[in-house]
Amino acid sequence: MTIPSLVRAELARLTATPLARLAFIALMCVPLLYGGAYLWANRDPYAKLDQIPAAIVDQDAGATLDGERVDYGKDVAKEAVDGHDFDWTETNAADARSGVRDGTYDFVVTIPHDFSTSLASAQSDHPERAELVMTTADTNSYLASTIAEQAGKTMRTAVAERVGKEAATTLLVGLADVRDSLGDAVDGAGELASGATKAANGADRLEDGTAELASGAGTLASSTAALPSQTAQLDSGAQQVATGAASLATGLRSAQQQTAALPDQTRQLADGAAQVAAGNAELAARVDEANTTVQAIQPLDADAVLQDITANLPEGVTLTPEQQQALTATVTSAVDRANSAGADAKQQLGATTQQIDTLSAGARQVSDGAAALADAAPQLASGIATAADGASTLSTGAAQVAAGTKRLAAAAPQLSSGASQLATGATSADDGAKSLASGVHALESGSSELASQLNKGRTKIPASTASSRNAQASVISDPVKVGDDNIAAASNYGAGLAPFFISLAAWIGMYALFLILKPISKRAITAVRRPLRVVFGGWLTPALLGVVQMAALFLIVRYALDLDVVHAGGTVGVMVLASAAFAAIIMTLNVLLGSVGQFLGLVLMLIQLVTAGGTFPWQTLPGPLAALHFALPMTYSVDAIRQTMYGGSLGTAWSDAGVLLCWLLGALLVSYLVTARQTRTRTLRDLRPSLIG
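Since we're looking at a predicted model, the values are computed, not measured.

Colleague: It is not clear to me how the overall build of the protein chain should be interpreted in this structure. Could you clarify?
Modeller: Within the protein chain, the secondary structure is distributed over 20 helices and six strands. Element-wise, carbon and sulfur atoms account for 61% of the exposed surface of the protein chain, whose accessible area totals about 39100 Å².

Colleague: Please clarify how the environment of His 567 should be interpreted in this entry.
Modeller: Turning to its location among the elements, His 567 is positioned in the loop between helix H14 (531-560) and helix H15 (568-593). Taking the relative accessible area as the measure of exposure, His 567 reaches 29% and is therefore partly exposed. Taking the C-alpha atoms as reference points, His 567 and Met 645, separated by 78 residues in sequence, lie 5.8 Å from one another. Apart from the residues within four sequence positions on either side, His 567 is in contact with Gln 643, Thr 644, Gly 647 and Leu 650.

Colleague: Please clarify how the nonpolar core should be interpreted in this entry.
Modeller: Grouped burial of nonpolar side chains is what soluble globular proteins tend to show. By size, the foremost hydrophobic cluster in this structure holds 68 residues, and its most contacted members are Trp 507, Trp 539, Leu 553, Met 645 and Leu 664. Among the secondary structure elements, those contributing two or more residues to this core are helix H2 (18-41), helix H12 (493-513), H14, H15, helix H16 (595-611), helix H18 (633-646) and helix H19 (650-680). For this core, the element with the most residues is H12, which contributes 15 residues. Apart from residues no more than four positions distant in its own chain, Leu 553 is found in contact with Pro 31, Leu 32, Gly 35, Gly 36, Ile 502, Ala 505 and Met 575. Among the nonpolar cores identified, the runner-up in size contains 23 residues, and Leu 49, Ala 77, Ala 80 and Phe 86 belong to it.

Colleague: Quick question: what am I supposed to make of the environment of Ala 329 here?
Modeller: Its place among the elements puts Ala 329 in helix H10 (residues 321-460). Using a relative accessible area of 49% as the deciding quantity, one classes Ala 329 as partly exposed.

Colleague: Help me understand the sheet that holds strand S4 (residues 87-90), please; the structure alone is not making it clear to me.
Modeller: In a beta sheet, neighbouring strands pair by backbone hydrogen bonds and run either parallel or antiparallel. On the basis of which strands lie adjacent, the open sheet formed by four strands has the order S4-S1-S5-S6 and mixed pairing. Every other strand in the sheet has two partners, leaving S4 and strand S6 (133-136) as the edge strands with one partner each. Within the sheet, the average angular offset between the axes of one strand and its neighbour, ignoring direction, is 25°. The sheet contacts of helix H3 (residues 72-83) involve strand S1 (53-58), S4 and strand S5 (107-111), and relative to S1 the element is tilted by about 165°.

Colleague: What's the story with unusual backbone geometry in this structure? I'm lost.
Modeller: Trans peptide bonds make up most of the peptide bonds, and negative phi angles are found at most residues other than glycine. For His 84, which is not glycine, the phi torsion reads 55° and is therefore positive. Tracing the chain through its elements places His 84 in the loop between H3 and S4. Classification of His 84 as exposed rests on a relative accessible area of 57%. Its identity as a non-glycine residue notwithstanding, Asp 562 has a phi of 55°, on the positive side. Take Asp 562: it is sitting in the loop between H14 and H15. The class for Asp 562 is partly exposed, based on a relative accessible area of 44%.

Colleague: What am I meant to see in the packing of H15 against H16 here?
Modeller: Two measures define how a pair of helices packs: the angle their axes make with one another and the distance between the axes. Orientation of H15 relative to H16, taken along the N-to-C sense of each, is 145°, at an axis distance of 6 Å. By crossing handedness, the relation of H15 to H16 is classed as right-handed. Between H15 and H16, the residues in contact are Ile 585, Ile 586, Leu 589, Asn 590 and Leu 593 and Ser 595, Val 596, Gly 597, Gln 598, Leu 600, Gly 601 and Leu 604, respectively. Residue composition of the contact of H15 with H16, by class: seven nonpolar, five polar and no charged.

Colleague: Help me out: how do you make sense of the packing of helix H1 (residues 3-14) against H14 in this one?
Modeller: The interhelical angle for the contact between H1 and H14, taken along N-to-C directions, is 50°, at an axis separation of 8 Å. Here H1 lies oblique to H14, going by the angle between them. Considering only the axes of H1 and H14, their crossing is right-handed. Contacts between H1 and H14 involve Ile 3, Leu 6, Val 7, Glu 10 and Leu 11 from the former and Arg 533, Val 534, Phe 536, Gly 537, Leu 540, Thr 541, Leu 544 and Leu 545 from the latter. Of the residues that constitute the contact of H1 with H14, the class distribution is nine nonpolar, two polar and two charged.

Colleague: Help me understand a nonpolar patch on the surface in this model?
Modeller: There is a patch of nonpolar side chains on the surface, built from Leu 592, Leu 593, Val 596, Phe 599, Leu 600, Leu 602, Leu 606, Leu 609, Val 610 and Val 670 and spanning about 730 Å² of accessible area. Elements represented by at least two residues in the nonpolar patch include exactly H15 and H16. Among the elements that take part in the nonpolar patch, H16 stands out by supplying seven residues, more than any other. Along the chain, the position of Phe 599 falls in helix H16.

Scoring rules and cut-offs
- Residues numbered from 1 in each chain as written.
- Predicted model: local features only at pLDDT ≥ 70, side-chain atom pairs only at ≥ 80, totals over all residues.
- Heavy atoms only, no water.
- Helix = DSSP H or I, 4+ residues; strand = E, 2+ residues; numbered from the N terminus.
- Areas by Shrake-Rupley, 256 points an atom, 1.4 Å probe, with all protein chains shown as cover.
- Buried < 20%, exposed > 50% of the residue type's maximum accessible area, 1.4 Å probe, protein only.
- Contact = heavy atoms within 4.5 Å.
- Core = buried A, V, L, I, M, F, W, Y, C linked by side-chain atoms within 4.5 Å.
- Pairing = 2+ DSSP bridges.
- Axes fitted to C-alpha atoms, helices over the stretch in contact; angles between N-to-C directions.
- Left-handed = near helix turned anticlockwise from the far one by under 90°.
- Nonpolar A, V, L, I, M, F, W, Y, C, P; charged D, E, K, R; others polar.
- Parallel < 35°, antiparallel > 145°, perpendicular 65-115°, else oblique.
- Patch = residues over 30% accessible without salt bridge, like charges linked within 9 Å, V, L, I, M, F, W, Y side chains within 5 Å.
- Salt bridge = Lys/Arg side-chain N within 4 Å of Asp/Glu carboxyl O.

Printed below as a string of structure tokens:
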């Protein structure tokens, strides 16, 4: 079997019955319906924005600007309605808000009551921003809300341009008035320069006088600088002397009062001490006598006592040996105790005798001292009285001196401060006079320079007319114009989406065809046993059908939808190449995995739907999806169709076509390897494939 015969056999199978032909035609139309319907619906939605219902609520109360009544809110509402950018309805706040909620309006623009007041404040000392309130509801349409935001920005730009033009006009008129006033200022500056010359001569004479004053005041201040500290020391010493003298007088007067009775008291003390001394002497004599008597007493003899007791026993009484022994022991013990007590008494009496003798001698000394004190006390009392009188006189004089030094110390800082202030003031006056002279000279030269510069400034402000100021204000309020230099432009919104939807239609077309196409002929594998011929025969059938689909889709895009195509041949070529590559990929998935591969073809389409960058730039994708952007084939078909359709870089288009060709050949190679294996061996899955492949 040849490759053409394999293609004819597959086509004959697809058209064998009326139902088969109907299914075949329906699946062939799937990409046309998909691509055509989507592009038709999105061909140029911005051209029909005037059909979007929107409400505008003007609550502006107006304002007064330069004595004239202005109502910016009314002007904005009128410009919006007259512009017909949207299907505007002027209404009140309650109707507008309920209309947004129930879908009557897609969005509402509210102009607040202070809109004009805020705009007019731009020329006052307290400028405030004006506000346009945009009310939207994404339940109506998210894109409608986005469009509303753009509409709000457009209205804001228009208002800003108008207010800016008015402000610029006011500024330019003010500059013109300034130019006229500068002529008068030049004349005034000349008169100021003449007066400054006269003032400079007087300032020079004043400077000489203040210099002499500052020199004399400086000498006086240096001479009196140490006076406060010196008088303070003098006052401190005088105060100490006065305090000490007062304390001395008080102490001596107290001593005089306390010693007035001292002579009599000392005489009484001397008499008493003499009596005490005489009594102590008599006591000492008697104690000495008693001590002599006691010391002469001899200790008892136990044997003599026993003999006396025995001798004095009653007649006829005889002691037994035991009694004699007991008596001896008792007497001996009693005698020993008596002798011991007598010895202790002698010792204590001797010590007492010595103490009394010492006391007697001390009392005599006290008596002699008291007698001497009694003789000297009258002289001491007289001296203390004399000293007290002198101390009182000294205290009075010291207090008078301290009062004088206190007044002197209080006045000295004022004198020194006054002298210092005089010197400082004189120096300041001298500095001021110098500064005045310098300033007046500077004023003299500056006023001349001022007159010159004012004249130059006047000449730098260009003369203007009302028409030229109006033109300048227009440029100032809208200084920048954005030019459109699109080197590869899509004709409209539908043309912008066309590359993406064409690529999706090509994949969907191939996916739908493989629902009824056999990837490869099992009979051909068994009969021919040439895997390359079988693979090409299996791929060529969907590839040829894809050519028909892409050609029909191109005709719809170019002529039915009237989308501009710069390189028609290149665009058709890329579309056919993309369809053929997608056919090879889906066939390989079916050959390799059976119905699982067919399902993976659907999954792969969904992945490419979000990674191909057909709507938003691929850089906005999440990281994992962005990584797949350059790994999948639809990315390159979308980019290649953009390049050929919009007139972009043909080099880039060729590069994208090369990637698609690599995908095509790689897929066919995998199919060939799997088919080659099947020509040699068969698995149970090959002979009886399951529902899931």
